[in-house]
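Geometric and topological summary
Letter by letter, the chains look like this.
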Amino acid sequence: MSIKNLDQLYRSVIMDHYKNPRNKGVLDENNVTVDMNNPTCGDVIHLTLKVEDDIVQDAKFEGEGCSISMASASMMTQMIKGKNTSEAVKIAQVFSDMMLGKDVDDSLDLGDIEALSGVAKFPARIKCATLAWKAIEKGVGQDDEQ
Ligand code: FES
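In this report, we go over the structure that sits alongside the text. For every chain, the first residue of its written sequence is number 1, and the numbers climb from 1 along that sequence. Whole-chain, interface and lining totals are the exception, using all residues; otherwise, since this is a predicted model, local features are given only for residues with pLDDT of at least 70 and side-chain atom pairs are given and counted only at 80 or more. Side-chain descriptors were evaluated using all non-hydrogen atoms of the structure, hydrogens and water having been removed beforehand.

1. Details of helix 4 (residues 123-139)
By the criteria applied, helices consist of DSSP H or I runs no shorter than four residues and strands consist of E runs no shorter than two, each listed in order from the N terminus. One less than the number of residues in a helix, times 1.5 Å, gives the span that helix is expected to have. Taking 1.5 Å per residue, 17 residues should reach 24 Å; helix 4 reaches 25 Å between its end C-alpha atoms and fits that length. Here the bend at a residue is taken as the angle between two axes, fitted respectively to the seven residues that end there and the seven that start there. In the structure, helix 4 departs most strongly from a straight axis at T130, where the bend amounts to approximately 40°. Each residue's exposure class comes from its accessible area (1.4 Å probe, protein chains only) as a fraction of the maximum for that residue type: buried when under 20%, exposed when over 50%, partly exposed otherwise. The complete set of buried residues in helix 4 reads I126, C128, A129, T130, L131, A132, W133, A135, I136 and G139. Buried residues along helix 4 sit in contact with strand 1 (32-38), strand 2 (43-52), helix 2 (67-80) and helix 3 (85-99). Residue contacts are counted whenever heavy atoms from the two residues lie within 4.5 Å of one another.

2. Focus on the side chain of N23
As for its position among the elements, N23 is in the loop between helix 1 (3-19) and strand 1. A 3.5 Å cut-off defines polar contacts: any pair of N or O atoms within that distance qualifies, except that in protein one atom must be a possible hydrogen donor and the other a possible acceptor, and neighbouring residues in sequence count only when both atoms are side-chain atoms. In this structure the side chain of N23 is engaged in a polar contact, spanning 2.8 Å, whose partner is the side chain of K81. Excluding its chain neighbours within four sequence positions, the residues that come into contact with N23 are A59, K60, F61, T77, Q78 and K81.

3. Some points on a negative patch on the surface
Patch criteria: residues need more than 30% relative accessible area and no salt bridge. Like-charged residues are merged within 9 Å; nonpolar side chains of Val, Leu, Ile, Met, Phe, Trp and Tyr are merged within 5 Å. The Shrake-Rupley method, run with a 1.4 Å probe, gives the accessible areas here. Residue values count only the displayed protein chains as cover. Think of a salt bridge as a Lys or Arg side-chain nitrogen and an Asp or Glu carboxyl oxygen that are within 4 Å of each other. Positive charges come from Lys and Arg alone, negative charges from Asp and Glu alone, with His and the N- and C-terminal ends not counted. We put the charge of a Lys on NZ, of an Arg on CZ, of an Asp on CG and of a Glu on CD. A cluster of like negative charges, contributed by D103, D105, D106, D109 and E114, occupies part of the molecular surface. Checked against the element boundaries, E114 lands in the loop between helix 3 and helix 4. Note on E114: relative accessible area 38%, which makes it partly exposed.

4. Some details on the packing of aromatic side chains
Classification of ring pairs rests on two measures: the distance between centres of Phe, Tyr or Trp rings, Trp counted by its six-membered ring, which must be within 6.5 Å, and the angle between planes, read as stacked under 30 degrees, edge-to-face over 60 and tilted in between. Applying the stated rule across the entire model yields 1 aromatic pair. Look at F95 and W133: their rings are 4.7 Å apart centre to centre, the planes differ by 15°, and that puts the pair in the stacked class. Of this pair, F95 sits in helix 3 while W133 sits in helix 4; the two residues are 38 residues apart in sequence, bridging distant segments of the chain. A relative accessible area of 0% means that F95 is categorised as buried.

Have a look at this one:
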């Protein structure tokens, strides 16, 4: 596939998640809630999780923000559901490495999040893409706040 076609494919994956967000809403039976914002633009995310037996059983988000931040949140919830908390953190770290332009393990199935790889070329947008991933890291207690 040419770079141009790949860019178009990635763009359409991002717009699909933005227009048809997966796991949008608030989980009634949550035991973890996280609120994050991007102070530079005011975008917000409210993440609710149901974590049981160290597994992220369910996840939903609400928020307001640009297409990249909301698409990234949709992809994040899709990706971490059913994972254990350390797997969720690992995926968040892989995503963060991807945003820093680092090579990531080719053997990992990145699913739709690969569509955000191009954001690494636009430093001003990296915070947009990482907002939801900071929320999941915080939510599963890897920031020592829990
Ligand atoms: Fe605010 Fe993207 S412009 S998160």
